[in-house]
Amino acid sequence: MDRRVLLRRWHLVAFVLLGAMALACEQGAGGAEPRPTGSVKGYPSSMAALGDSITAGFGSCGTFLICGRNSWSTGTADAVDSHYLRILAKNPRIEDHARSFAQPGAQAEDLPGQASRAVDMKAEYVTVLIGANDACASTPAGMTSVKGFRADVDQALGRLKKGLPKSRVLVASIPDIYRLWQAGQANPDAVRVWSRAHICPTMLADPTSKAKPDEERRRAVRARIDDYNDQLRQSCKAYGKRCRWDNGSVHESRVTLDLVNQVDYFHPNAEGQHEIAAATYPGRFTW
């Protein structure tokens with residue numbers, strides 16, 4: 001089994017189902033290709049979401065499936081109040097012109113390809129949330145290196161800057177998986193699911209253990225996520241004035257089991273997706 005498969009082992013059950021539901025499940029606000037329109041009152045008329053299973057809304061409908069309507073970025077569910085819906089309220093021209101290219105299991109190395117798709121659709125606004133899978137390896141040694149992570153993010157943002165020089169980009173921080181472990185390590189249901197389904201094994205393996213090696217393993221993962229977030233911040237800063245960093249708002253958001261689904265006790269449910277949308281929405285598109 002190669003390294004890439006090992007890194008994504010915790011999504012294995014989901015992948016079995018993804019092929020069957022690919023056409024049945026929505027990918028955000030619609031599949032129509034966006035027309036090249038100007039913004040209304042500064043708000044974009046098209047947008048694209050890049051990232052992994054979190055942005056794809058995976059598990060947010062209570063099953064091991066993508067549930068794009070609950071995406072914090074391009075979702076259409078009123079309960080989530082995504083970026084798309086908030087923009088739509090200000091600029092009706094964005095209707096049906098939002099696409100999600102986020103995929104379960106995606107890592108930073110997949111981001112440049114997603115960025116190319118955003119360029120192809122001429123998105124005026126692009127959201128990026130990536131990095132959880134880079135940390136959720138089988139072992140700490142299998143985590144994406146900080147240098148490699150930064151190189152992949154730089155490549156993706158470089159494609160956006162070159163292909164969409166007038167578009168705006170939001171880079172969101174990675175959720176604090178360590179605090180998720182803290183919230184769930186005493187919950188029998190969460191412990192059972194994490195252990196049986198091998199959810200994010202670097203952090204959630206042996207979730208009840210207080211042995212020194214396990215504590216050190218979790219701290220190493222937490223430190224790596226902190227490093228990734230720092231690289232995301234720096235990469236966005238290097239991009240220039242049209243890239244906005246969320247100032248760590250997703251990472252600092254509250255973490256409770258009430259905000260994740262009860263299928264894997266890992267991915268945000270609709271309420272959790274709403275929390276991400278609220279934490280990251282810029283309010284005014286002035287950058």
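Given the structure is predicted, the values throughout are model-derived calculations rather than measurements.

Draft legend 1. Up close: the overall build of the protein chain. When helices and strands are tallied, the protein chain shows 13 helices and 5 strands. Taking all 287 residues of the protein chain together, the buried fraction comes to 55%. Taking as baseline every contact in the protein chain between residues at least 6 positions apart, the subset at least 24 positions apart corresponds to 76%.

Draft legend 2. Highlighting the sheet that holds strand β1 (residues 47–51). An order of β2-β1-β3-β4-β5 is seen for the 5 strands of this open sheet, with the pairing classed as parallel. The sheet terminates laterally at β2 (98–100) and β5 (243–245), the two strands that pair on one side only. Each strand axis lies, on average, 15 degrees off the axis of its neighbour in the sheet, ignoring direction. Bridge count for β1 against strand β3 (residues 125–129) is 5 bridges, and the pairing is parallel.

Draft legend 3. Structural context of the state of the cysteines. This model, assessed by the stated rule, comprises 3 disulfides. In this model cysteine 61 forms its disulfide with cysteine 67; the gap between the sulfur atoms is 1.7 Å. By relative accessible area, cysteine 61 is classed as partly exposed at 32%. For cysteine 67, a relative accessible area of 2% corresponds to the buried category. Two residues, cysteine 136 and cysteine 200, share a disulfide whose sulfurs are 2.0 Å apart. The sign of the S-S torsion, about -80 degrees, decides the handedness of the disulfide formed by cysteine 136 and cysteine 200: left-handed. A residue pair is termed long-range when its members are at least 10 positions apart, and cysteine 136 in the loop between α6 (132–135) and α7 (146–163) and cysteine 200 in the loop between α9 (188–197) and α10 (201–204) qualify at 64 residues. Cysteine 200 shares its class with cysteine 136; the two are buried. Of note for the protein chain: the bonded cysteines, numbered N- to C-terminal, pair according to 1-2, 3-4, 5-6.

Draft legend 4. Molecular detail of helix α11 (residues 212–239). Given a rise of 1.5 Å per residue, 28 residues ought to cover 40 Å, and the 41 Å separating the end C-alpha atoms of α11 matches this to within 8%. Glycine 240 sits one or two positions beyond α11 and adopts a positive phi of about 120 degrees.

Draft legend 5. Looking closely at empty space enclosed by the protein. Inspection of every chain in the model, using the stated rule, returns 3 cavities of 30 Å³ or more. The computed volume of the largest cavity comes to approximately 300 Å³. Forming the walls of the largest cavity are 17 residues, and the residues nearest its centre are Pro175, Arg254, Val255, Val260 and Pro268. If you list the elements that add at least two residues to the lining of the largest cavity, you get α8 (177–184) and α13 (270–280).

Draft legend 6. Up close: the nonpolar core. Of all hydrophobic cores here, the largest spans 50 residues; its most connected members are Leu50, Val126, Leu160, Val169 and Val171. Here the element with the most residues in this core is α11; it accounts for 6 residues. Contacts of valine 126, omitting those with residues within four sequence positions, involve Ala48, Leu50, Ala118, Leu160, Leu164, Arg168, Val169 and Leu170. Met47, Tyr125, Ile276 and Tyr281 belong to the second largest nonpolar core, which has 19 residues in total.

Draft legend 7. Just the packing of α7 against α11, in detail. Between α7 and α11, the shortest axis-to-axis distance is 10 Å and the interhelical angle comes to 30 degrees. Considering their axes alone, α7 and α11 lie roughly parallel with respect to each other. Like other packed secondary-structure pairs, α7 and α11 cross with a definite hand, here right-handed. Two secondary-structure elements touch here, α7 through Val146, Phe149, Arg150, Val153, Asp154, Leu157, Leu160 and Lys161 and α11 through Arg224, Asp227, Tyr228, Gln231, Leu232, Gln234, Ser235, Cys236, Ala238 and Tyr239. A per-class count over the contact of α7 with α11 returns 10 nonpolar, 3 polar and 5 charged.

Reading guide: rules and limits
Residues numbered from 1 in each chain as written. Predicted model: local features only at pLDDT ≥ 70, side-chain atom pairs only at ≥ 80, totals over all residues. Heavy atoms only, no water. Helix = DSSP H or I, 4+ residues; strand = E, 2+ residues; numbered from the N terminus. Buried < 20%, exposed > 50% of the residue type's maximum accessible area, 1.4 Å probe, protein only. Contact = heavy atoms within 4.5 Å. Pairing = 2+ DSSP bridges. Axes fitted to C-alpha atoms, helices over the stretch in contact; angles between N-to-C directions. Disulfide = S-S within 2.5 Å. Expected span 1.5 Å × (residues − 1). 1 Å grid on protein atoms, 1.4 Å probe; cavity = no way out; pocket = protein on both sides within 12 Å on 5 of 7 lines; lining within 4 Å. Points joined across faces, edges and corners; volume = space filled by probe spheres on them. Core = buried A, V, L, I, M, F, W, Y, C linked by side-chain atoms within 4.5 Å. Parallel < 35°, antiparallel > 145°, perpendicular 65-115°, else oblique. Left-handed = near helix turned anticlockwise from the far one by under 90°. Nonpolar A, V, L, I, M, F, W, Y, C, P; charged D, E, K, R; others polar.

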